Amino acid sequence: MTEPIRAPPGAKLISTPCYPILKGGADMDKNVKEMFDLGGRTAIVTGGSRGLGKEIAEGLAEAGADLVLCARRAEWLDETVREFEARGFAVRGKTCDVSNAGDVQSVIDTARDAFGRIDILVNNAGTSWGAMPEDMPLEQWQKVIDVNLTGCFLMAQAVGREMLKNESGSIINITSIAGLSSSANGPFYAGYVASKAGLIGLTRELAASWGRKGIRVNAIAPGFFHSRLADAVIDIYEGSIRENNIIPRVGNEGELKGVAVFLASDASSYITGQTIAVDGGMTV
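None of the values given here were measured: they were computed from a predicted structure.

Draft legend 1. Geometry of the side chain of E58. Tracing the backbone shows E58 in helix 2 (residues 51-62). For E58, the contacting residues outside a window of four places in its chain are F84, R87, F89 and K257.

This is the structure we're talking about:
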């Protein structure tokens with residue numbers, strides 16, 4: 001029979017605070033497929049009408065989530081909504097400028113009216129402006145910060161209020177490896193870099209603020225993937241990527257959505273405040 005552990009003579013017992021077990025943890029009786037299942041959950045994806053946002057939205061829907069897509073341009077948004085509906089996805093679309101608090105609240109209302117709750121937010125909407133720092137127009141700097149950083153905060157704030165009611169939710173911020181490292185060889189886009197580095201900090205702060213209330217907040221930092229924003233830069237730097245990257249190529253279509261589904265699902269229920277680089281090893 002094992003002897004009980006006894007404190008040595010003179011030892012002092014130190015009490016530590018105990019916190020309640022929160023909702024939202026993975027059910028250990030689930031198998032792996034069930035842990036990745038998003039059935040019955042609602043996801044908002046900003047900038048979800050095309051490019052990386054559309055790919056991520058597709059992955060969430062394939063895992064069972066209902067979707068609310070928002071984007072600034074109705075023609076792209078409407079086309080994607082029709083495409084997703086034809087595939088059997090439950091989806092709504094809402095035009096939105098994420099830097100406008102009224103537009104943001106309208107998206108929240110659309111999601112709540114259509115599906116009753118909000119479980120997942122993907123902050124993907126973004127813009128950029130390339131220029132050397134000494135030549136950066138202030139209005140372009142401000143536009144980038146307003147969309148890429150303030151817009152993410154406004155959307156997270158509004159969705160967070162809904163998630164707090166259920167003490168559950170997952171927020172995924174799409175940042176960039178530009179927020180993790182810079183190069184003397186460019187590209188040079190100070191506003192974009194500042195916004196993406198700021199978004200990584202915001203991710204940590206929101207995770208710390210809401211973690212004990214059941215809400216997880218993480219970020220994905222893509223490397224070079226073909227998209228409307230990135231293609232002009234990729235044309236210049238693809239040769240260097242092939243020469244220097246550990247995985248010597250640009251990211252392929254479909255290589256981001258699996259990470260997003262992971263972070264949205266119960267499979268990542270013990271992960272928060274983290275930034276996952278999906279860059280073929282560029283930032284190693």
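From this point, the narrative continues.
Draft legend 2. Just unusual backbone geometry, in detail. P187 follows G186 through a cis peptide bond whose omega is 5 degrees. With respect to the helices and strands, the residue P187 is situated in the loop between strand 5 (169-174) and helix 6 (190-210). Positive phi outside glycine occurs at E167, with the angle close to 50 degrees. With respect to the helices, strands and loops of the structure, E167 is situated in the loop between helix 5 (138-166) and strand 5.

Draft legend 3. Representation of a positive patch on the surface within the structure. Together, R50, R72, R73, K143 and R228 make up a region of like positive charge exposed at the surface. Among the secondary structure elements, R72 is positioned in the loop between strand 2 (66-71) and helix 3 (74-86).

Draft legend 4. Up close: the sheet that holds strand 5. Taken in spatial order, the seven strands make up an open sheet running 3-2-1-4-5-6-7, and their pairing is parallel. Both edges of this open sheet fall to strand 3 (91-95) and strand 7 (275-278), since each of them pairs with a single strand only. Strand after strand, the sheet turns through a mean of 15 degrees between neighbouring axes, direction not considered. In terms of strand pairing, strand 1 (residues 42-46) meets strand 4 (residues 120-123) through three bridges, oriented parallel. In the strand pairing of strand 4, A43 is matched with I120.

Draft legend 5. Local environment of the environment of A101. Relative to the helices and strands, A101 is located in helix 4 (residues 101-115). Classification of A101 as partly exposed rests on a relative accessible area of 48%. Considered as a pair, A101 and L154 are 53 residues apart in the sequence and their alpha carbons are 6.5 Å apart.

Draft legend 6. Main features of the nonpolar core. L38, L60, L67, L69, V122 and I220 are the most contacted members of the largest nonpolar core, which totals 31 residues. Secondary structure elements with two or more residues in this core: strand 1, helix 2, strand 2, helix 3, strand 4, strand 5 and helix 8 (257-264). F115, V147, A158 and L202 belong to the second largest nonpolar core, which has 29 residues in total.

Draft legend 7. Quick peek at the packing of aromatic side chains. Going through the model one piece at a time under the given rule, you end up with three aromatic pairs. When the centroid spacing of 6.2 Å and the interplanar angle of 35 degrees are considered together, the rings of F36 and F262 count as tilted. On the criterion of sequence distance, the pair formed by F36 in the loop between helix 1 (32-35) and strand 1 and F262 in helix 8 is long-range, its members being 226 residues apart. Seen in terms of ring centroids, Y189 and Y192 are 4.9 Å apart; in terms of plane orientation they differ by 35 degrees. Their pairing is tilted. In this structure Y189 comes out as buried when scored by relative accessible area, which is 15%. For Y192, a relative accessible area of 14% corresponds to the buried category. Its guanidinium or amino end placed over the ring of W76, R50 lies 3.8 Å from that ring's centre, counting from NZ or CZ.

Draft legend 8. Representation of the packing of helix 2 against helix 8 within the structure. Interaxial distance between helix 2 and helix 8 falls to 8 Å at its minimum, and their mutual angle equals 55 degrees. With respect to each other, helix 2 and helix 8 are oriented oblique. Note that helix 2 runs across helix 8; the crossing there is right-handed. Judged by residue contacts, E55, I56, E58, G59, L60 and E62 of helix 2 engage K257, A260, V261 and A264 from helix 8.

Scoring rules and cut-offs
Just so you know, the residues in each chain are numbered from 1, in the order the chain's sequence is written. pLDDT decides what is reported in this predicted model: residues at 70 or higher carry local features, side-chain atom pairs at 80 or more are listed and counted, and totals for whole chains, interfaces and linings draw on all residues regardless. To get the side-chain values, all heavy atoms of the structure are used, and hydrogens and water are removed first. Here a helix means four or more residues in a row that DSSP labels H or I, a strand means two or more in a row labelled E, and each is numbered from the N terminus. Every residue pair with non-hydrogen atoms within 4.5 Å of one another is taken to be in contact. Patch criteria: residues need more than 30% relative accessible area and no salt bridge. Like-charged residues are merged within 9 Å; nonpolar side chains of Val, Leu, Ile, Met, Phe, Trp and Tyr are merged within 5 Å. Each accessible area is a Shrake-Rupley result for a 1.4 Å probe, and residues are judged covered by the shown protein chains and nothing else. When a carboxyl oxygen of Asp or Glu lies within 4 Å of a side-chain nitrogen of Lys or Arg, that pair is called a salt bridge. Charged residues are defined here as Lys and Arg on the positive side and Asp and Glu on the negative side; His and the ends of the chain fall outside this count. By convention, charge coordinates are those of NZ in Lys, CZ in Arg, CG in Asp, or CD in Glu. Between any two strands, at least two bridges found by DSSP are needed for them to pair. Geometry is summarised by axes, namely lines fitted to C-alpha atoms with helices restricted to the contacting stretch, and by angles between N-to-C directions that run from 0 to 180 degrees. Burial classification: accessible surface area is computed with a 1.4 Å probe over protein chains only, and a residue below 20% of its type maximum counts as buried, one above 50% as exposed, and the rest as partly exposed. Take the buried residues of types Ala, Val, Leu, Ile, Met, Phe, Trp, Tyr and Cys, join any two whose side-chain atoms come within 4.5 Å, and each joined set is a nonpolar core. Classification of ring pairs uses Phe, Tyr and Trp, with its six-membered ring standing for Trp, and accepts pairs whose centres are within 6.5 Å; under 30 degrees between planes counts as stacked, over 60 as edge-to-face, and the remaining range as tilted. Note on criteria: charge over ring means Lys NZ or Arg CZ within 6 Å of the ring centre, with the direction from the centre no more than 35 degrees off the ring normal. Note that the term roughly parallel is reserved for angles under 35 degrees, roughly antiparallel for angles over 145, roughly perpendicular for angles of 65 to 115, and oblique for everything else. By convention the crossing between two helices is left-handed if the near helix lies anticlockwise of the far one by an angle smaller than a right angle, and right-handed if it lies clockwise.

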